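Coordinate analysis (summary)
The primary structure of each chain is shown beneath.
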Amino acid sequence: MITHVEAVHMPLLQMVEKHELSQDGPRNGHSPGPKQNIQYAKTPTLNLHKKVNGEFRMVEWGWKSKLVMQSPSASKYVQLYQYKLYLDDSVALTPWKKENGVSVLKAISDYLGALHDNVV
């Protein structure tokens, strides 16, 4: 079983390997989603975009996005994070830079769409 402290300090690939070898079952009553190999209750808010036919499209999200960014092919992708902060108008944030052509609205809607598809 992977503890929270290990999850914070262990490189992600080692954590996946440890989980795949573990027979302990879900941590704290939570089980990974059907397409996730990580035994941790929270999914990171990450989008992984790749340019397809001149337009950036989300190709992965959550833990899978993190795994891809640790691979040798990471330079082919753009990983977006912290975009949910822009939902709160009361927080003074620097203006969102349109990260390689991806607006904050597209980043949020892509993430929510992927989350919806995973739940339904």
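Described below are features of the structure shown in this document. (Residues numbered from 1 in each chain as written. Predicted model: local features only at pLDDT ≥ 70, side-chain atom pairs only at ≥ 80, totals over all residues. Heavy atoms only, no water.)

1. Some points on the sheet that holds strand β1 (residues 46-52)
Strand order in this open sheet of three strands is β2-β1-β3, and the pairing throughout is antiparallel. Strand pairing shows two members of the sheet lacking a second neighbour, β2 (55-61) and β3 (78-81), which therefore form its edges. This sheet shows a mean twist of 35 degrees between the axes of neighbouring strands, independent of strand direction. Of the pairings in the sheet, the one linking β1 to β2 comprises six bridges and is antiparallel in character. Bridge pairing in β2 links His49 to Met58. Sheet strands touched by helix α4 (residues 104-119): β1, β2 and β3. Its angle to β2, the strand with the most contacts, is close to 40 degrees. (Pairing = 2+ DSSP bridges. Helix = DSSP H or I, 4+ residues; strand = E, 2+ residues; numbered from the N terminus. Axes fitted to C-alpha atoms, helices over the stretch in contact; angles between N-to-C directions. Contact = heavy atoms within 4.5 Å.)

2. A closer look at the environment of Leu115
Counting through the fold element by element, Leu115 comes out in helix α4. Overall, the relative accessible area of 32% leaves Leu115 in the partly exposed class. Placed 53 residues apart in sequence, Leu115 and Gly62 show a C-alpha to C-alpha distance of 9.2 Å. (Buried < 20%, exposed > 50% of the residue type's maximum accessible area, 1.4 Å probe, protein only.)

3. Here's the deal with α4
Over its 16 residues, α4 runs 23 Å from end to end, which matches the ideal 22 Å to within 8%, given 1.5 Å per residue. Every buried residue of α4 is accounted for by Ala107, Ile108, Asp110, Tyr111 and Ala114. Axial view of α4: buried residues confined to an arc of 165 degrees, hence all on one face. Residues of α4 that are exposed and angled more than 90 degrees away from the buried face: Leu105, Asp117 and Val119. For α4, the secondary structure elements touched by its buried residues are β1, β2 and β3. (Expected span 1.5 Å × (residues − 1). Arc of directions from axis to C-beta.)

4. Some thoughts on the side chain of Ser65
The topology assignment puts Ser65 in helix α3 (residues 62-69). Among the polar contacts listed, one links the side chain of Ser65 to the side chain of Gln79, at a separation of 2.8 Å. Look past the residues within four positions of Ser65 in its chain and what remains in contact with it is Leu46, Asn47, Leu48, Glu60 and Gln79. (Polar contact = N/O pair within 3.5 Å; in protein donor to acceptor, adjacent residues only side chain to side chain.)

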